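# Report on the structure
Below, each chain spelled out in residue letters.
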Amino acid sequence: MRLSEIGDKEIVDIVKGSMHGKLWDAEMLFDEATGAISFLLVPYFNGSGHKFSSEIQLPWDSIVVIGEDMIIFKSI
């Protein structure tokens, strides 16, 4: 799957039921040795859709499914 195919998907926490914007809003952190994606830095939005200055560090392996419209992850 290409980044251009998943960039417009909404990032959703299945545990808290919270939305964290689209993948385009996130930043990716890579393992320098392997080139694999280690984490996503996703913005934290409040209930009214305003972005806070903080970010959530989301481990790539916490993603449960990449669906047609959403990327669903399970927070700890």
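Criteria and cut-off values
- Residues numbered from 1 in each chain as written.
- Predicted model: local features only at pLDDT ≥ 70, side-chain atom pairs only at ≥ 80, totals over all residues.
- Heavy atoms only, no water.
- Helix = DSSP H or I, 4+ residues; strand = E, 2+ residues; numbered from the N terminus.
- Buried < 20%, exposed > 50% of the residue type's maximum accessible area, 1.4 Å probe, protein only.
- Lys, Arg positive; Asp, Glu negative; His and termini not counted.
- Salt bridge = Lys/Arg side-chain N within 4 Å of Asp/Glu carboxyl O.
- Polar contact = N/O pair within 3.5 Å; in protein donor to acceptor, adjacent residues only side chain to side chain.
- Contact = heavy atoms within 4.5 Å.
- Patch = residues over 30% accessible without salt bridge, like charges linked within 9 Å, V, L, I, M, F, W, Y side chains within 5 Å.
- Areas by Shrake-Rupley, 256 points an atom, 1.4 Å probe, with all protein chains shown as cover.

Let us look at the side chain of Lys9. The residue Lys9 is located in the loop between helix H1 (3-6) and strand E1 (10-13) in this model. Despite its burial, Lys9 pairs with no opposite charge, the nearest such side chain being Asp69 at 6.0 Å. Looking at Lys9, its side chain comes within polar contact range of the main-chain oxygen of Gly67, at 2.7 Å. Beyond its immediate stretch of four places on either side in the chain, Lys9 contacts Gly21, Lys22, Leu23, Ile66, Gly67, Glu68, Asp69, Met70 and Ile71.

Attention shifts here to a nonpolar patch on the surface. A cluster of nonpolar residues, Ile14, Val15, Val64 and Val65, forms a patch on the protein surface that exposes about 340 Å² of accessible area. Turning to its location among the elements, Val65 is positioned in strand E6 (residues 63-66).

Function cannot be inferred from these measures alone, as they are strictly geometric.
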